[in-house]
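Coordinate inspection notes
In case you want the letters, here they are:
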Amino acid sequence: MKRVAMGNKGSFARVLLCTVAPFAMFQTASIATAQDAIEDDTDLTVVVTASRTEESISSIPGTVQVISGEELQQAVAANGDITTALGRYVPGLNLSNDTLSGLGETFRGRSLQVLVNGSPRTSSLRKVNRVLSLIDADSIERIEIINGASAVYGDGGTGGIINVITKSADKEGFSGSFSTTISASERNVKDSAHVLTSVEAGYRKDGKSIQLNGQFKNTGDLFAGNGTRVPEDPATGQGGGSGIEQYNISGRVGFEAERFDVSIYANLLKMEQDIEFYSDFTSDPVSQNTSDLYKGLSPMEDAKNLTATLNVYDLGLFGDANVELFYNDTERRSALVPLSDANPFTYSPDPDRSQNSVFMKQVGVRTTFDRDLSNLYEGLEFSYGGDFTYEDVTQKLPDGRDIMGPMEQNSFAVFGQLKVPLGEMFELRGGLRYQRYDLSVGDYTRPSGQIKYPGFPILDVPEASVKGGDAVYDATVFNLGGVMHVSDELDLFAGFSQGYSVPDIGGFTRRAVDYEFKAPLADIRDPLVTLDPALGINRLDPNTWVEWETEFNFSDLQPEAAIVNNYEIGGRFNNGKYSVATSVFLSTTDKGLTFNPAASALTQRKERIWGAELNARAVIDANWSLGTILAYKEGVYDYDEDGDLDDALPNNRIGSPFQATLYTDYRFENGLSLHGEAIYGSGRDVDDGNPQSEDLKLKQTFTVNAGAKYAADFGTVKFGVENVFDTKQTNVTASSGRNRNVLAEGRRVFLQYTKTF
């Protein structure tokens, strides 16, 4: 792809500081401060490949962030989960739920798309994913983030895109490192101990390189601030952060020549969680039921991923070319949850016949061409390309029966982006993307089961025949934006971008349950008998019966695809000592997707989300820096479909509307550095318009973390404490996911040793 011009040292310094300053939190003796690094190294280049072409961040009309792998290390040292760091330091992204899944971890109130080396790891067909929580943090070179809907990538990134770039060998000869981390709670050091070990090795010579990374992770129990154990499955089937055994192996080989370069990345992941007890969802907060041994299979993940990337430069009329081929094969098993108010439908009281797994395969190619058209107009650039993805997604019980319609989908897209400079002060860019999804859903028989709602007796649900069908979703979306370079220190931007996504098709087809209460006319007139479960049934009259629907058709169940409109204005300022990046946004759609935990149902409604974000950092001197990251978001939707957006979006979409992170770092001359941070969440108390469930009041949260790092010839030692004051508080994201209070982990102490070769 095209190379970004370096310019002079001063101009590049402004670009670099504007990019990484809000996240340069962990400065140490082995790493110069941001200002020193800029002054000492003129070979650095800051680009953002999440936009599909390499661009300096200063030219992008939107909120873009880059977090280096080094900057991740302190934030993830205690548990190795990168969602911890992203939730704290990416404004608009909800805090980590401390479970295996991405439940409730929305981005600006909407779904996020996760890429690894530019290739997708999430599927819009079945939105059950654990991608971020299982990535080896030590294998990451950097993470690139685009906030808001994207018309460039498509395929589900209506809230934002997170692109994880893995390491490649960048030093001539052999290189490598070894790292091991031990962490525990003082409540019970033995039972709570986490062990995380990572090894990496690389070799590079004459443009040829190979990079290998391996990780082993074993986690113990989690203890809340009040000393109780955090349940092993606190959010009904999502799994938890305790009892995990995980192996993660990845490798990347590359070859670079004058006119082209090629790389191949492969990743193998195996994870299992050992659950000892079921969770008690009737208690507040959710607790571990030590009298009820877990009887299901272990939640697990078995993933194989392969990505091949080819860059060819100077292809004449075609410009520079990028071609990515990818293959993903994943088996993902959820935890078993017995029938209860928290899980109102199961397929069988027999654990061997009610637990389910998702099987997903993806094969695809993405092409991007980047053409310099300066011969027509100075600085004019045109990027274009096309995408194709084939997906095969099923969800099955242990005995092989389908619990949703088996799905196959071919998706096609073409796009074009134009960048036009207007003098030295202005840059405009805009483009179109046409996206088409050809979906085929197979016939299946929804197994019989049992259903339970508060106030009901347990009802037996007969099996049902679900006829599949074909559907075509397509749309053309566009983006338009501009940047004004007011001065060397200040950029202002404004942009509009659309995202297009097919919602959780599998979630709709697996919920093929419909029924009607029947009773004699006299009973219906009886005000003491309520026949509508949406209004809450208090009792079931002996003369009342249930009539079940036993035949369904996909055409009656299928949801509609959604176009999300994202409007944003903001600015970036940096004078070498102070840096500020700020934006406000508005996001709208007519077909937003919400999940109702009380009925285990998905619905689509018109909705609107708005918010503001701020990153600010000050370099006080060569040793001391401090900063803050603030984010606010809120949203409404039309729950009752009366045309008015007068109900608050559910907590599982918004979480805490206001989040703040304050941090400071100090570096001593002897190799010691200190880091401290405080994270605040506002909580939320709203009415989401849903009469089927009581709105959960999310409480305020406040967490203080501290750490130290010492770098010497023998290696680097890190020591830290998460939740220094052992505060008892809820995990807002996990609580909002299923509308039940879940406690967050209390104090955890960690010690890490790293040796780089």
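Bear in mind that the values here come from a model prediction, so they are computed numbers and not experimental data. (Residues numbered from 1 in each chain as written. Predicted model: local features only at pLDDT ≥ 70, side-chain atom pairs only at ≥ 80, totals over all residues. Heavy atoms only, no water.)

Bringing the overall build of the protein chain into the picture now. Across its full length, the protein chain carries 11 helices and 38 strands. Scored against the burial criterion, the 757 residues of the protein chain give a buried share of 59%. Sequence separation of at least 24 residues holds for 70% of the intrachain contacts in the protein chain that already meet a minimum separation of 6. With an accessible surface of roughly 29900 Å², the protein chain has 56% of that area assigned to carbon and sulfur atoms. (Helix = DSSP H or I, 4+ residues; strand = E, 2+ residues; numbered from the N terminus. Buried < 20%, exposed > 50% of the residue type's maximum accessible area, 1.4 Å probe, protein only. Contact = heavy atoms within 4.5 Å. Areas by Shrake-Rupley, 256 points an atom, 1.4 Å probe, with all protein chains shown as cover.)

Once that is clear, we can look at the packing of aromatic side chains. Applying the stated criterion to the full structure yields 17 aromatic pairs. Ring centres of F369 and Y384 lie 5.2 Å apart, and the angle between their planes is 15°; this geometry places the pair in the stacked category. Of this pair, F369 sits in strand β16 (residues 357–372) while Y384 sits in strand β17 (residues 381–396), placing them 15 residues apart in sequence. You can call Y384 partly exposed: its relative accessible area is 22%. For the pair F388 and F412, a centre-to-centre distance of 5.3 Å together with 45° between the ring planes defines the contact as tilted. One end of the pair, F388, is in strand β17; the other, F412, is in strand β18 (residues 407–422), with 24 residues separating them in the sequence. (Phe/Tyr/Trp six-rings, centres within 6.5 Å; stacked < 30°, edge-to-face > 60°.)

Read across the open sheet, the three strands follow the order β20-β23-β28; overall the sheet is mixed. The open sheet has two edge strands with one neighbour each: β20 (444–446) and β28 (551–553). On average, each strand axis in the sheet is inclined to that of its neighbour by 25°, with strand direction left out of account. Two elements, β20 and strand β23 (residues 464–467), share three bridges in a ladder whose sense is antiparallel. (Pairing = 2+ DSSP bridges. Axes fitted to C-alpha atoms, helices over the stretch in contact; angles between N-to-C directions.)

A separate point is the pattern of salt bridges. Opposite charge on two side chains allows them to pair when their charged atoms are near. In this structure the tally under the stated criterion is 34 salt bridges. Among the salt bridges present, the one from R204 reaches E172, with a minimum N-O distance of 3.8 Å. In this pair, R204 sits in strand β7 (residues 194–205) while E172 sits in the loop between β5 (160–166) and β6 (173–184), placing the two residues 32 residues apart along the sequence. Residue class for E172 comes out exposed when judged on its relative accessible area of 54%. Linking D302 and K270 is a salt bridge whose minimum nitrogen-to-oxygen distance equals 2.9 Å. (Salt bridge = Lys/Arg side-chain N within 4 Å of Asp/Glu carboxyl O.)

The subject of this paragraph is the sheet that holds strand β2 (residues 112–116). Taken in spatial order, the five strands of this open sheet run β1-β4-β5-β2-β3, and their pairing is mixed. A single partner strand is all that each edge strand has here, and the edge strands are β1 (64–68) and β3 (119–120). Relative to β5, β2 is paired through five bridges, and the arrangement is parallel. Following the sheet pairing, V116 is matched in β5 by V164.

The next thing to look at is helix α4 (residues 82–89). Across the eight residues of α4, eight count as buried, placing the element largely inside the fold. For α4, every residue scored as buried is listed here: I82, T83, T84, A85, L86, G87, R88 and Y89.

Of all eight residues in helix α3 (residues 69–76), seven are buried; the element is thus mostly enclosed. Buried residues of α3: G69, E71, L72, Q73, Q74, A75 and V76, and no others.

This brings us to the side chain of R142. Structurally, the position occupied by R142 is in strand β4 (residues 140–147). In terms of polar contacts, R142 uses its side chain to reach the side chain of E141, at 2.4 Å. There is a polar contact of 2.6 Å between the side chain of R142 and the side chain of E144. (Polar contact = N/O pair within 3.5 Å; in protein donor to acceptor, adjacent residues only side chain to side chain.)

Before going further, it helps to examine the side chain of R52. Mapped onto the secondary structure, R52 falls in the loop between α2 (34–40) and β1. For R52, a relative accessible area of 7% corresponds to the buried category. Side-chain polar atoms of R52 contact the backbone oxygen of T367, separated by 3.2 Å. In terms of polar contacts, R52 uses its side chain to reach the side chain of T368, at 3.2 Å.

When you line up the elements, S168 lands in the loop between β5 and β6. By relative accessible area, S168 is classed as partly exposed at 30%. Through-space distance from the C-alpha of S168 to that of Y203 is 9.2 Å; in sequence the pair is 35 residues apart.

What follows is about a nonpolar patch on the surface. Together, I210, L212, V253, I264, L306, Y327 and V363 make up an exposed nonpolar region whose accessible area comes to about 540 Å². Along the chain, the position of I210 falls in strand β8 (residues 208–218). I210 gets classed as partly exposed once you look at its relative accessible area, which sits at 36%. (Patch = residues over 30% accessible without salt bridge, like charges linked within 9 Å, V, L, I, M, F, W, Y side chains within 5 Å.)

At the junction of D284 and P285, the peptide bond is cis and its omega measures out at 5° in the coordinates. Look at N117: it is not a glycine, yet its phi comes out positive at around 55°. Looking at the element boundaries, N117 is found in the loop between β2 and β3. Not every positive phi belongs to a glycine, and E641 is a case in point at roughly 55°. Mapped onto the secondary structure, E641 falls in the loop between β32 (624–637) and β33 (647–648).

The subject of this paragraph is the nonpolar core. The biggest cluster of nonpolar side chains holds 26 residues, and the ones touching the most others in it are I82, L86, L132, I135, I143, I145 and I162. Take this core: its biggest share by element is four residues, from α4. Judged by nonpolar contacts, the second largest core, of 19 residues, contains A151, M404, I505 and A561. (Core = buried A, V, L, I, M, F, W, Y, C linked by side-chain atoms within 4.5 Å.)

Further remarks concern the confidence of the model for the protein chain. Model confidence for the protein chain is summarised by a mean pLDDT of 85, while 87% of its residues fall at 70 or above. In this model residues 520–540 is a low-confidence stretch, pLDDT under 50, and it forms 34 contacts with partners more than four residues away in sequence or in other chains. (pLDDT = per-residue confidence, 0-100.)

Attention now moves to the environment of S656. Among the secondary structure elements, S656 is positioned in the loop between α10 (651–654) and β34 (658–667). Under the relative-accessibility criterion, S656 is labelled buried at 5%. Placed 24 residues apart in sequence, S656 and Y680 show a C-alpha to C-alpha distance of 9.4 Å. Not counting chain neighbours up to four residues away, the residues in contact with S656 comprise K633, G681, S682, G683 and V732.

Our focus in this paragraph is the pairing of β7. Taken residue by residue, a regular strand's side chains alternate between the two faces of the sheet. Of the two faces of β7, only one is covered, namely that formed by H194, L196, S198, E200, G202 and R204; the face formed by V195, T197, V199, A201, Y203 and K205 stays uncovered. Relative to β7, β6 is paired through 11 bridges, and the arrangement is antiparallel. Residue pairing for β7: S179 is matched across the bridge by S198.

Moving on, we come to a negative patch on the surface. Judged by side-chain charge, E245, E272, D274 and E276 come together as a negatively charged surface patch. By the secondary structure assignment, E245 is in strand β9 (residues 244–256). (Lys, Arg positive; Asp, Glu negative; His and termini not counted. Charge placed at Lys NZ, Arg CZ, Asp CG, Glu CD.)

This brings us to the environment of W624. When you line up the elements, W624 lands in strand β32. Take W624: its relative accessible area is 34%, and that puts it in the partly exposed class. Along the backbone, W624 and L674 are 50 residues apart, and their C-alpha atoms lie at a distance of 9.6 Å. Setting aside chain neighbours within four positions, we find W624 in contact with A618, V619, T664, D665 and Y666.

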